Amino acid sequence: QVQVLESGGGLVQAGGSLRLSCAASGSIFSINDMGWYRQAPGKQRELVATITGGGITNYADSVKGRFTISRDNAKNTVYLQMNSLKPEDTAVYYCYAVTGILPRTDWGQGTQVFVSS
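Predicted model, so just to flag it, every value in this text is computed and none were measured.

*Asks:* Can you help me understand unusual backbone geometry in this one?
*Replies:* Leave glycine aside and you will find that most residues have negative phi; peptide bonds, for their part, are mostly trans. Omega for the peptide link from L102 to P103 comes to -15°, which places this bond in the cis form. The phi dihedral of N76 falls on the positive side, at around 50°, and the residue is not glycine. Mapped onto the secondary structure, N76 falls in the loop between strand 7 (67–72) and strand 8 (77–82). Residue classification places N76 among the partly exposed positions, given a relative accessible area of 25%. Notably, S84 is not glycine yet its phi reads approximately 50°, a positive angle. With respect to the helices, strands and loops of the structure, S84 is situated in the loop between strand 8 and strand 9 (91–99). Overall, S84 belongs to the partly exposed group, its relative accessible area being 41%.

Quick look at the structure:
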């Protein structure tokens, strides 16, 4: 069983920064992709950023140039550095990890980010 736990959300003013962390733990043979999605009230969950085991990144157009995803493979942890935050970035941010040979995807419970104008 794999557990995924996010941290680092909170309240920030527009233009500010936050750093989200996400750690995967448990019965992990290998971790492939990790990444972040977000869901704002009344909207569908959308991709924010992903990173492969080899470090290849992908970003939503809405966050390019402002957000940076990175990972520490030794710690099974992925980070999302969010700069120049906008009110429209307000959402619950969910982390996921793709693990194993099958493979399987596990999700965290989410962390709330609120950006005030």
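There's more to say after this.
*Asks:* For this particular structure, what's the right way to read the packing of aromatic side chains?
*Replies:* Aromatic rings considered in pairs are described by the distance between their centres and by the relative angle of their planes. This structure, assessed with the given rule, holds three aromatic pairs. Between the aromatic rings of Y37 and Y96, the centroid separation amounts to 5.8 Å while the plane-to-plane angle is 65°, which identifies the pairing as edge-to-face. Highlighted residues: Y37 in strand 4 (residues 31–39) and Y96 in strand 9, separated in sequence by 59 residues. Relative accessible area serves as the criterion here: at 8%, Y96 is assigned to the buried category. Seen from their ring centres, Y37 and W107 are 5.5 Å apart, and the 70° between their planes marks the pair as edge-to-face. Pair noted here: Y37 is in strand 4 and W107 is in strand 10 (residues 104–107), with a separation of 70 residues, a long-range link. Following the ring pairs from residue to residue traces out a cluster consisting of Y37, Y96 and W107. Here the guanidinium or amino end of R19 rests over the ring plane of Y79, the centre of that ring lying 4.1 Å away.

*Asks:* Help me out: how do you make sense of the sheet that holds strand 7 in this one?
*Replies:* Each strand in a sheet pairs with its neighbour through backbone hydrogen bonds, running either in the same direction (parallel) or in the opposite one (antiparallel). Read from one edge of the open sheet, four strands run 1-3-8-7, paired in antiparallel fashion. Unpaired on one side and paired on the other, strand 1 (2–7) and strand 7 mark the two borders of the sheet. If you compare each strand with its neighbour and ignore which way they point, the axes differ by 15° on average. As paired elements, strand 1 and strand 3 (residues 18–26) share six bridges and run antiparallel to each other. Its bridge partner lying in strand 3, L5 is registered against A23.

The rules behind each value
All chains use their own residue numbering, which begins from 1 and follows the written sequence. Local features in this predicted model are restricted to residues whose pLDDT is 70 or higher, and side-chain atom pairs enter the listing and the counts only when it is 80 or higher, whereas totals over whole chains, interfaces and linings include all residues. Side-chain descriptors were evaluated using all non-hydrogen atoms of the structure, hydrogens and water having been removed beforehand. Going along the chain from the N terminus, every DSSP run of H or I of four or more residues is numbered as a helix, and every run of E of two or more is numbered as a strand. Three exposure classes are used, based on accessible area relative to the maximum for each residue type with a 1.4 Å probe and protein chains only: buried under 20%, partly exposed in between, and exposed over 50%. Stacked, edge-to-face and tilted labels apply to pairs of Phe, Tyr and Trp rings (six-membered ring for Trp) whose centres lie within 6.5 Å, assigned for plane angles under 30 degrees, over 60, and everything in between, in that order. Distance and angle both matter: a charge sits over a ring if NZ of Lys or CZ of Arg is within 6 Å of the ring centre and within 35 degrees of the ring normal. When DSSP finds at least two bridges between two strands, those strands are taken to pair. The axes used here are C-alpha line fits, helices contributing only the stretch in contact, and every angle between their N-to-C directions lies in the interval 0 to 180 degrees.

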